[in-house]
Amino acid sequence: MCILLIEDNPDHAELIESALKADFRVHWVKSGKSGLEYLKGLSVDAMPGLILVDYSLPGFDGLRVIEAIIKEEFDIPLIMITGQGDEEIAVRAMKLGAYDYLVKTGGYLTMLPVAVHNVIERHRTAKEKARLEDELKRLSITDDLTGLFDRRYFYNRLEEEAARAKRYGNPLALVLLGP
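Report follows, based on the coordinates.

Definitions and cut-offs
Residues numbered from 1 in each chain as written. Predicted model: local features only at pLDDT ≥ 70, side-chain atom pairs only at ≥ 80, totals over all residues. Heavy atoms only, no water. Helix = DSSP H or I, 4+ residues; strand = E, 2+ residues; numbered from the N terminus. Buried < 20%, exposed > 50% of the residue type's maximum accessible area, 1.4 Å probe, protein only. Contact = heavy atoms within 4.5 Å. Axes fitted to C-alpha atoms, helices over the stretch in contact; angles between N-to-C directions. Parallel < 35°, antiparallel > 145°, perpendicular 65-115°, else oblique. Nonpolar A, V, L, I, M, F, W, Y, C, P; charged D, E, K, R; others polar. Core = buried A, V, L, I, M, F, W, Y, C linked by side-chain atoms within 4.5 Å. Salt bridge = Lys/Arg side-chain N within 4 Å of Asp/Glu carboxyl O.

**A word on the environment of Arg-25**
With respect to the helices and strands, the residue Arg-25 is situated in strand S2 (residues 25–29). Look at Arg-25 and you get exposed, because its relative accessible area is 55%. Beyond its immediate stretch of four places on either side in the chain, Arg-25 contacts Met-1, Cys-2 and Ile-3.

Structure below.
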């Protein structure tokens, strides 16, 4: 699996790559702009399994990179890494969509592979949960034999349309056809 590393410091990039090379291929870019350009040029199948983004980057910071990645709707988990432990930045990163926030201190390089594996698993689990919820919703409103919407769905939609007609003062017509 490939990981996109957005890091402007070559020494840090080399250390991170060596910490992850046993399990992952690391593609390194030096700025948020080049990271976004790289992602936009990839097919869906070639997308990285995770993005590591540094907070301090040239041009615009890691928070803006996360915002841009989320805005572009790339379905890739993110971890923000930084040389400074700032709780406010960590909270903002997590609210924007980062799965984790690591500070480049002490033994962070030994924790990094574990954090990456955990985030990838959490992301996979979240995607599977969403898929199952969609499937459950579909099953709850369709008939197994015909695949058509069931009576429950019909009555829910009828209530919604009646409320909409009442709210906007529009008439509502219902036509039922039988065999």
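That shown, we press on.
**Some points on the packing of helix H3 (residues 62–71) against helix H4 (residues 87–96)**
Packing of H3 against H4 leaves a shortest axis separation of 9 Å and a crossing angle of 5°. For the element pair H3 / H4, the angle class is roughly parallel. Residue-level inspection shows Leu-63, Ile-66, Glu-67 and Ile-70 of H3 in contact with H4, the latter providing Ile-89, Arg-92, Ala-93 and Leu-96. Looking at the contact of H3 with H4, its residues break down into 6 nonpolar, no polar and 2 charged.

**Quick notes on the nonpolar core**
Formed by 23 residues in total, the largest nonpolar core has its most connected members in Ile-6, Ile-51, Val-53, Ile-69 and Met-80. Those elements that provide at least two residues to this core are strand S1 (2–6), helix H2 (32–40), strand S3 (50–54), H3, strand S4 (78–82) and H4. Sort the elements by how many residues they give to this core and H3 lands first, with 4 residues. Counting residues in each nonpolar core, the second largest holds 19 residues, with Ile-3, Leu-20, Ile-81 and Tyr-108 among its members.

**Concerning the side chain of Thr-82**
With respect to the helices and strands, Thr-82 occurs in strand S4. Those residues in contact with Thr-82 that sit more than four places away from it in its chain are Asp-54, Tyr-55, Tyr-101, Leu-102, Val-103 and Lys-104.

**With respect to the pattern of salt bridges**
Applying the stated criterion to the full structure yields 12 salt bridges. As a salt-bridge pair, Glu-161 and Arg-157 come within 3.0 Å of each other at their nearest N and O atoms. Here the residue Glu-161 and the residue Arg-157 both occupy positions in helix H6 (residues 151–168), the gap between them amounting to 4 residues, near one helical turn. With a relative accessible area of 25%, Glu-161 lands in the partly exposed category. Here the salt bridges do not stand alone but share partners, grouping Arg-157, Glu-160, Glu-161 and Arg-164 into one network.

Distances and angles like these do not, on their own, reveal function.
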